[in-house]
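# Structural features, examined
Given next are the chains, with one letter for each unit.
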Amino acid sequence: MNAVLIALLVLPLLGAALMLAPIGDKRALRLGTTLTGATLLLAIALAAGFDHGAPSRMQAVTDVAWIPALDVRLHLGVDGISLPLLVLTALLTFLCAVYSVKKLPAGPGGRAFTGLLLLLETGMLATFAVLDLVLFFLAFEIVLIPMYFLISRWGSGQKVRAANRFILYTLLGSAVMLLGFLLIGVKAGTFDMVKLADAHGAGLSHTTQLIAALAILVGLAVKAPAWPLHSWLPDAHTAAPTAGSVLLAGVLLKMGTYGMVRVLLPIVPDGTATYAPYLGAFAAVGIVYGSLACLALSRTGAKGDLKRLIAYSSVGHMGFVLLGIASLTPTGVNGALFANIAHGLITGLLFFLVGAVKDRYGTADLDTLAGATGAALYGRAPRIGGLLAFAAVASLGLPGLAGFWGELLAMYGAFDPAAGLSRPAFVTYMVLAGLGTLLTAAYLLVVVRRVCMGDPKQPAPVADLPDLQGYEAASWTPLAVLTLVAGLWPALLLGLSDPAVKHLLGSG
């Protein structure tokens, strides 16, 4: 299985290099679909060969020396925490490639677009597979350049400004994170994440843990993004092409929270426990803030952009992930990991749908779409309207769909946080998170009413409004099905993550 994991990382990288050859755009797009499809098959093979009886053990391991002088090793492996994220990354990239064959955004061309998409996939997959802090940093950085160009060259509106803010925020955050990694490596004598996790902070003084945890937490919080370090996100999502928005929300945001679980919790536990109450407070504020921002954008006359609204919703949803992590309990962290996957599925579907609506109407402005009575998608494009309503109720946490379990477990973790944390403070955070769920339901139902309902007999902004197309159904159906499966069968993910989380927390 280690050969499968290596091939999973090498295949998209070779595909990105192949895009330097002088091939036509259409051929490049089809080749990109083939390569991302093969990568998805490898990810499924990895999941099928995974020993589900021992999800806390690193599997498919490769561990060879890379830079002996610094004790940096090419160390790869997967466990019950990283495996779902690897499969999610491969799935979303393949669906974006399928969608782009028929709906390539305006820009330099298909060959460059496909090359950047494959390079982006390499970095995203590597982030969840590497087990060395230096390699983690490198993988973390690889994704920035292709995403920058996808936004700045294939985006719309103020795309260059949005891309510049994205790269500036994330590079500064990564630089701070690197300082924390270097401090740990120097003091512990190794960058190996498995050895450091097994030591569980032994050999690192309290002061070292405080400094390292703060630096790493700030760097990862930018990528999450945690309030108030989120301001790059709405601009980036609004300007990005559909595929860029799907991968930015579905995978890149998960890299920050994954790093918190993989690095902060097991390697610098004392430092993390010190900052956990503050992380919980920022998470709770982010949940309410993101929901209020969406509610303001959804009201009539606000000229709210649907893509921007979903971007702000991500701030709120990722707040639940951060709250679960801040609780430092197996229940909360499992909820955070489940919410990560659920958010990737649901928000990926939402961005696909909003991109399709924008392509048809020529705008994502909610007032323009809704007009006087509503956009009436139920009457004009019933399949797209039905899918949009499905994704909205999944996003607000309807029981039986994927969005429910992660938020519930994160709030339960806050209700009974780890020993040493203030329970009154975390119960307050839980109450604020509960308020956020009510606000989330409010703005999503407003969006459904304004976009899906209305009078189809009223003049539409465009005369021709085609319903669901074949390539759109192929791209969106897997996300809708998995949203339902994860909601009805949560043990599919929790059975993988729970033993691994307890191992990282030192409680099992």
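You'll find the structure just up there.
Residues numbered from 1 in each chain as written. Predicted model: local features only at pLDDT ≥ 70, side-chain atom pairs only at ≥ 80, totals over all residues. Heavy atoms only, no water.

This brings us to the pairing of strand β1 (residues 59–67). One face of the sheet, then the other: side chains in a regular strand alternate in exactly this way. The pairing of β1 with strand β2 (residues 72–78) spans 6 bridges and is antiparallel. Note that in β2 the partner of I67 across the bridge is V72. Taking the residues that link successive antiparallel strands as the turn, the β1-β2 hairpin has 4 residues, and the phi of D71 there is positive, at about 55°. (Pairing = 2+ DSSP bridges. Helix = DSSP H or I, 4+ residues; strand = E, 2+ residues; numbered from the N terminus.)

So, about the packing of helix α13 (residues 306–326) against helix α14 (residues 330–361). It is at 8 Å that the axes of α13 and α14 come closest, and there the two elements cross at 170°. Comparing the axis directions of α13 and α14 gives the class roughly antiparallel. Between α13 and α14, the residues in contact are L306, K307, I310, A311, S314, H317, M318, V321, G324 and I325 and G332, V333, A336, A339, N340, H343, T347, L350, F351 and V354, respectively. Looking at side-chain class alone, the contact of α13 with α14 contains 12 nonpolar, 7 polar and 1 charged residues. (Axes fitted to C-alpha atoms, helices over the stretch in contact; angles between N-to-C directions. Parallel < 35°, antiparallel > 145°, perpendicular 65-115°, else oblique. Contact = heavy atoms within 4.5 Å. Nonpolar A, V, L, I, M, F, W, Y, C, P; charged D, E, K, R; others polar.)

With that out of the way, let us pick up helix α2 (residues 25–49). For α2, with 25 residues, the first-to-last C-alpha span of 36 Å sits near the 36 Å given by 1.5 Å per residue. Taken residue by residue, α2 has A28, L29, G32, T33, L35, T36, G37, T39, L40, A43, L46 and A47 as its buried positions. Where α2 is buried, its residues contact α1 (2–18), β1, β2, α3 (82–102) and α4 (110–129). (Expected span 1.5 Å × (residues − 1). Buried < 20%, exposed > 50% of the residue type's maximum accessible area, 1.4 Å probe, protein only.)

The next subject is the side chain of T190. Looking at the secondary structure, you find T190 in the loop between α7 (159–188) and α8 (193–199). In contact with T190, not counting residues within four places along its chain, are D71, I184, G185, K195 and L196.

Our focus in this paragraph is the packing of aromatic side chains. A complete count under the given rule lists 14 aromatic pairs for this structure. Measuring from ring centre to ring centre gives 6.4 Å for Y412 and F415, while their planes differ by 35°; the resulting arrangement is tilted. Of this pair, Y412 and F415 both sit in helix α18 (residues 402–415), 3 residues apart, roughly one helical turn. Between F426 and Y429 the ring centres are 5.1 Å apart and the planes differ by 65°, which places this aromatic pair in the edge-to-face class. Placement of both F426 and Y429 in helix α19 (residues 423–452) is noted, with a separation of 3 residues, approximately one turn of the helix. Considered together, F426 and Y429 belong to a single accessibility category, that of buried residues. In this structure, K223 is placed above the aromatic ring of F140, and the distance from its NZ or CZ to the ring centre is 3.8 Å. (Phe/Tyr/Trp six-rings, centres within 6.5 Å; stacked < 30°, edge-to-face > 60°. Lys NZ or Arg CZ within 6 Å of the ring centre and 35° of its normal.)

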